[in-house]
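Survey of secondary and tertiary structure
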Amino acid sequence: MAGLTFHTVSHAYDGVEALHDLDLAVGDGEIVCLVGPSGCGKTTALRLAAGLEPLGSGRICIGGDCVAGGGGQLPPEMRGVGLVFQDFALFPHMTVSENVGFGLKGEHGAHRRERVATLLEQVGLAGYGSKYPHMLSGGEQQRVALARALAPKPRVLLLDEPFSGLDVRLREEVRDQTLRILREVGAAALVVTHDAEEAMYMGDRIAVLQRGRLVQVGTPSEIYRKPASAFVA
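Figured I'd write up the structure that's included with this text. (Residues numbered from 1 in each chain as written. Predicted model: local features only at pLDDT ≥ 70, side-chain atom pairs only at ≥ 80, totals over all residues. Heavy atoms only, no water.)

Another point: the side chain of Glu 161. Topologically, Glu 161 is positioned in the loop between strand E8 (156–160) and helix H5 (168–185). A polar contact is formed between the side chain of Glu 161 and the side chain of His 194, at a distance of 2.9 Å. Aside from chain neighbours lying at most four places away, what touches Glu 161 is Lys 42, Gln 86, Val 192, Thr 193 and His 194. (Helix = DSSP H or I, 4+ residues; strand = E, 2+ residues; numbered from the N terminus. Polar contact = N/O pair within 3.5 Å; in protein donor to acceptor, adjacent residues only side chain to side chain. Contact = heavy atoms within 4.5 Å.)

Set out below in C-alpha cells:
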C-alpha cells in the first residue's frame, strides 16, 4: 500500500511554476530519495506533503486518505506526518526529552516518559534527556530531531536534506544510523537530497526532478545503468 502518493500535483509561487504534474508514490516501508539541483521543486514537494503550503492543483494522499486537493486540505498536525528539517529546528529552551515529547499530544505521565526514553534509546541517545540542544553535537541534534519526528508514530516521514549541515566525518555515521532507524520503523519515507551518492546509498528508489518535472524514477541500479537522459546521467 502506498503510504504517500502525489497525483498530478502542480504548484507555483507568484506565477512561477515549481512543480508540474508530479506523479509519485512511496510505499509503506519504502525509502524514496528525491534528487535534483537547487530550485527544482524538491523541498516544495515535501512542504506540500506536510501541509506547510496550500496545494495548487492535484491531490496528495497519505495511507489512502486524501489530505490535500479535491477542495479540502488537512492541517499538518492531522496528517500523520513526521518532518525532519534541514536545520533540525529544535526548541533551544527545551531539554532533549521535552523536544522529543513535544509531538505526543494527549499522552501524559509514565506512558509519555516511557515513550520518550524508548525513542532516545532507539537513536542512541539514552541518558541525554536532561541536556539542551546547545550542549549537543550536530549529529546528536540530528538524531534528536529524528526522534521527535518519530514520537507520534507517523505514517510518513519527510526528511529535508537531513545531513547537509553535518561535516564529512559525521555524515556517514549519522546517515547509517538514520537508515537503520527508518528500516526499523517501517514508515514510508521521502528524503530530499542534492547528493546523488547519498541517494544511491539510502534509497530503495530514486526520483529525479528537473525544473519541477519528474524525469525518471527507478532503483539506484536502474538510474545508474539506464539513465533516461543526459541530465539524469
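A side chain of one charge can pair with a side chain of the opposite charge if their charged atoms are brought near each other. For the coordinates displayed, the defined rule picks out five salt bridges. One salt bridge connects Glu 184 with Arg 180, and the closest N-O pair in it is separated by 3.1 Å. Placement of both Glu 184 and Arg 180 in helix H5 is noted, with a separation of four residues, approximately one turn of the helix. Relative accessible area serves as the criterion here: at 46%, Glu 184 is assigned to the partly exposed category. Accessibility expressed as a relative area gives 36% for Arg 180, which makes it partly exposed. Measuring nitrogen to oxygen at the nearest pair gives 2.9 Å for the salt bridge that ties Asp 204 to Arg 183. Highlighted residues: Asp 204 in the loop between helix H6 (196–202) and strand E10 (205–210) and Arg 183 in helix H5, separated in sequence by 21 residues. (Salt bridge = Lys/Arg side-chain N within 4 Å of Asp/Glu carboxyl O. Buried < 20%, exposed > 50% of the residue type's maximum accessible area, 1.4 Å probe, protein only.)

Nonpolar side chains in soluble globular proteins tend to end up buried together. Of all hydrophobic cores here, the largest spans 39 residues; its most connected members are Val 100, Val 144 and Leu 157. Ranked by the residues each element gives to this core, the list is headed by helix H4 (residues 138–150), at six residues. Residues contacting Val 100, with those up to four places away along its chain left out, are Val 116, Leu 119, Leu 120, Val 144, Ala 147, Arg 148 and Ala 151. (Core = buried A, V, L, I, M, F, W, Y, C linked by side-chain atoms within 4.5 Å.)

Here the focus is unusual backbone geometry. Even without a glycine there, the phi angle at Asp 14 is positive, about 50°. Examined against the element boundaries, Asp 14 turns out to sit in the loop between strand E1 (2–13) and strand E2 (16–27). Taking relative accessible area as the criterion, Asp 14 reaches 84% and is therefore assigned exposed. One non-glycine residue with positive phi stands out, namely Arg 211, at about 50°. When you line up the elements, Arg 211 lands in the loop between E10 and strand E11 (213–218). For Arg 211, a relative accessible area of 72% corresponds to the exposed category.

So, about the pairing of E1. Across eight bridges, E1 lies against E2 in antiparallel orientation. Bridge pairing in E2 places Tyr 13 opposite Val 16. As consecutive antiparallel partners, E1 and E2 are separated by two residues, and within that stretch Asp 14 has a phi angle of approximately 50°, a positive value. As judged from the five bridges shared by E1 and strand E4 (residues 57–62), these two strands associate in the antiparallel manner. In the sheet register, Ser 10 faces E4, and the bridge partner there is Ser 57. (Pairing = 2+ DSSP bridges.)

Remember that the coordinates give geometry; whether it matters functionally is a separate question.
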